[in-house]
Amino acid sequence: MDYLKSGLKSVLGAQADSQQPTAAETVERLVERVQTSTLLDDRRDACRALKSMSKKYRVEVGAQAMDALIYVIEMDRSDAEIVGYALDALSNVISGPQDDEDYIEGQEEQDLGTQFTEIYIKRTENVTLLLDLLEEFDFKVRWPAVKLFTGLLECRPKELQECVLVSPMGVSRLMDLLSDSREVIRNDTLLLLVNLTKGNANIQKIVAFENAFDKLLDIIAEEGYSDGGVVVEDSLAVLLNLLKNNSSNQNFFKEGSYIQRLTPYFELQGDSSGGDMGWSAQKVSNLHLMLQVIRTLVSPNNPLQVISSCQKVMNQSGLLEQLCNILMASGVPADILTETINTVAEVIRGHHANQEYFATVSAPSSPPRPAIVVLLMSMVNEKQQFVLRCAVLYCFQCFLYKNELGQAQIVQTLLPTSADMTTITAGQLLCGGLFSLDCLSNWFAAVALSHSLVDNPTQKEQLLRVQLATSVGNPPISLMKQCTTILQQGGKVQTRLGLLMLLSTWLAHSTQAVSHFLSIPTNIPYLTSQVGLAEGDEHEDLVQGLCAFLLGICIEFNDDSIPSFTRENLCQLILKRIGQETFFDKLGSVSKHELYSRAAQKPHLKYKQPSEVLFDYEFCRLFKSLEGAVIRAVQPKPKDLVNGPESNMTVQQHSLLQQYKDVIREQDQRLNELQKDFNELKSENEKSQSHMEEMTSTIQQLRDQNALLKAQRVASQSAERSGSPSSIDINNLQHEKEELQKQLENLEKNLKEQKDSYEKLKKELEEEKEKKQADAEKQEPLINDSELIGTLEHQRQEITELKQTINRLEEEVKTKNEISGEKQGELSKLAEEKRRLQQRLARVNDKNQKLEDEKSRILKEKQKIQEELDSTKKEQEDLLILLTEQDNKLTAYKKKLRELGEKVEDDDEDDLNEDEANDDEDIDEM
């Protein structure tokens, strides 16, 4: 501190011992010195003092010196030391002294940083200036700039994200920092990117197209995958931000074969045994983040196409196998095991190949047990952690999701069999949990068993065959009978809710199951008594609401096979003993409950504590789909329309009523047909919508790539304009020069080949043209249009004359018919002449037709030749355009090489020199 005071005295001048200046006065004098001093050393000393004071006097330095510090950064950019002092001072003002271990940032300090951030970003030029400074390679400038930018992002992320988006090459400059060889800058850049990529899909896409996945995975591999330090954690946090809720980046990640590069991350070497030994807190955090990355790719919230393709790749790359190995390993920490179970669940959810593979996984025990059995053992064990049991249930649900084969396998383990009874099966564990004294085990087992019946009427009927052994000497009872018995005995709310959800799923859309349920005489009285009870606490209201729902299912799917409990009888029972309004109120109270709304949002069981375990996602879907049908089934049907009014109708009224019924029946039939057509059109529309979404996603990716290419082009142009040794790496320039030389040689070679091809094509075209002209000359008598038209006109005139002669002869023949017999010889001659003339007319007509056909053929051939000539001319024009583009590219590359210092001969100059030399020779000769 004494050194600081002496430094301040040297800067400010000696002060009177009797009057010590305040911090605000000191900052004011330092700011004045920064603004007025003409010597760079004086300004540098003042900035150094402001940096020191900013650690303790944030308010004074931020309020008075911010503009002066920004001015220094703008005007003295050539001096790295003073710029570094100014950036450090601003960073301390925004974020506080981060290098001070004793500094603790409270809410007041956070608000202070937010206020100063708002002042700084009020001028967008300040953010642009900071982005420009990130290009400086000097450590004294780049590192403070990164820290300042990170602090601004933490205080005002959305505003900074917008500034980065509108800044040319803003994201590209930030991404280049990941390639910095100095680890401290690279690591701080990761923290910057964590804040930059949060909640902004546009920045996420640009960062992804800036080769972020490659860079991040390379850093993770260099740091040792899950055994790495906090750098791996930061890299995974950026990766998670890029992929979460961003289907475009998820597609890019999958199509770029990055999923295959995740497999080595889960190769645990010697850490899967011996308790938690080898599992450091950092390793647990790293592995937890990587599991979240995988779950992001296969989350049920993603588009179905993205989920399916990622699941397929995870199986083919061996990633699913690695996850299952962790799942079955011993000594894995509980939170990692829980997250791994959730991850495996979503990797296999709805994917038949993955579900079949998971069914074959066995635990390394003696004897080996299926992974499903081992997991269910944990689920029904009340000593296991609550979150782990929820994860196992979720995994079991995902295994059975759209998996009829898996559902049949689970139900089969409950049916009588001749297999070895000493082995523990999934069915035995579910039954054990269903009838356990632990209410959570009851709920978990009931929900798990209900998932083996979802959308599967066959297994609902098979489950009716399940018989349970009771005490010795007593006959076995059915599973449904045992469930209803436990339900009627009371018990805790979770037990009753679990059983009611199981029975509702079992009976829905299955008349056989409903008949079996109604055949148990105590069931309906129990349900009606529960629904008719007075309102209790909120949990008891839920039990009554589910009883009403189950009673409504018994009405909706009743085939009237049980005489005492037909649809009509049950409806009358509700009206008389419960009341229609009461029934509807109890039924409606279920969907109004907060936990019902939360469970209906997504399949994952995200319960914080056991008291929240009441509803299941699939049951909520079932309740939502059948609630309206149950209400319609319970509403009374007006019988007086059949028995009362119609009995008093006349014959004409009956006839009119029958006509109306026929019309309604036809309309109903037509409506069903239209509904069917509508469903088909809706299905086609959904497919079209899916295709449109895919095309939109593809177009967006192409737009992003186009924007990236444009940005890269702008960057290359700006780099060319700058041309300073400090902003261009010499090695990169040398490499770029060699590449340009190679491209120039290739272009010259291609240009030469294209010129040769052009000359050859031109020669062939001239030969073809000459050949066509020669053929045309050979056919000149036919092709000459004027001669052909003249010939045709002559033939027409001849035909006209012949017709006139024939008409005249016919008139003479008609006249001669009246002449006497002595004139018959002359008439015969005239008839003969008429016949000859007719034959001549026919020959002339044939010749005329042939000439017409020949004319049309010649015109077609002429049109074809003209089209070929037009096509050839178009090809020549395209070739000339291509040659012009190649010449332009060649000129641009030569220009670029000249800018890089290479000596390049210009063809035009060479040609000009040759022409001048030839002119000189001609003059000399003259």
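(A) Quick peek at helix α31 (residues 538-556). Here α31 is 19 residues long and its end C-alpha atoms lie 27 Å apart, about the 27 Å a rise of 1.5 Å per residue gives. Burial analysis of α31 places 15 of its 19 residues in the buried class, which makes it a mostly covered element.

(B) Representation of a positive patch on the surface. Taken together, the side chains of Lys244, Lys602, Lys606 and Lys608 make up a positively charged region of the molecular surface. Relative to the helices and strands, Lys606 is located in the loop between α34 (594-599) and α35 (617-634). Judged by its relative accessible area of 59%, Lys606 is exposed.

(C) Expanded view of the packing of aromatic side chains. Summed over the entire model, instances satisfying the criterion amount to 19 aromatic pairs. Seen from their ring centres, Phe253 and Tyr258 are 5.4 Å apart, and the 35° between their planes marks the pair as tilted. The same class applies to Phe253 and to Tyr258, which are both buried. Between Phe549 and Phe619 the ring centres are 5.9 Å apart and the planes differ by 90°, which places this aromatic pair in the edge-to-face class. Placement of Phe549 in helix α31 and of Phe619 in helix α35 is noted, with a sequence separation of 70 residues between them. We classify Phe619 as buried; its relative accessible area is 2%. Put simply, the rings of Phe209, Phe213, Phe252, Phe253 and Tyr258 touch in pairs and so form one group of aromatic residues.

(D) Broad picture of the environment of Leu468. In this fold, Leu468 is placed in strand β3 (residues 467-468). In this structure the C-alpha to C-alpha distance between Leu468 and Leu414, which are 54 residues apart in sequence, comes to 9.2 Å. The residues contacting Leu468, other than those within four sequence positions of it, are Cys431, Phe435, Pro476, Ile477, Leu479 and Gln482.

(E) Here's a closer look at a nonpolar patch on the surface. On the surface, Leu656, Tyr660 and Ile664 cluster together to form a nonpolar patch covering roughly 320 Å² of accessible area. Within the secondary structure, Ile664 is located in helix α37 (residues 651-722). What makes Ile664 exposed here is its relative accessible area of 54%.

(F) Local environment of the confidence of the model for the protein. Mean pLDDT over the protein: 80, with 74% of residues reaching 70 or higher. Here residues 1-18 scores under 50 on pLDDT; set against residues more than four positions off or in separate chains, the count is 17 contacts.

(G) Fine view of the side chain of Arg44. Along the chain, the position of Arg44 falls in helix α3 (residues 40-54). A distance of 2.7 Å separates the side chain of Arg44 from the side chain of Asp41, its partner in a polar contact. Among the polar contacts made by the side chain of Arg44, one reaches the side chain of Asp79 at a distance of 3.1 Å. The residues contacting Arg44, other than those within four sequence positions of it, are Asp79, Glu81, Ile82 and Tyr85.

Criteria and cut-off values
Residues numbered from 1 in each chain as written. Predicted model: local features only at pLDDT ≥ 70, side-chain atom pairs only at ≥ 80, totals over all residues. Heavy atoms only, no water. Helix = DSSP H or I, 4+ residues; strand = E, 2+ residues; numbered from the N terminus. Expected span 1.5 Å × (residues − 1). Buried < 20%, exposed > 50% of the residue type's maximum accessible area, 1.4 Å probe, protein only. Patch = residues over 30% accessible without salt bridge, like charges linked within 9 Å, V, L, I, M, F, W, Y side chains within 5 Å. Areas by Shrake-Rupley, 256 points an atom, 1.4 Å probe, with all protein chains shown as cover. Salt bridge = Lys/Arg side-chain N within 4 Å of Asp/Glu carboxyl O. Lys, Arg positive; Asp, Glu negative; His and termini not counted. Charge placed at Lys NZ, Arg CZ, Asp CG, Glu CD. Phe/Tyr/Trp six-rings, centres within 6.5 Å; stacked < 30°, edge-to-face > 60°. Contact = heavy atoms within 4.5 Å. pLDDT = per-residue confidence, 0-100. Polar contact = N/O pair within 3.5 Å; in protein donor to acceptor, adjacent residues only side chain to side chain.

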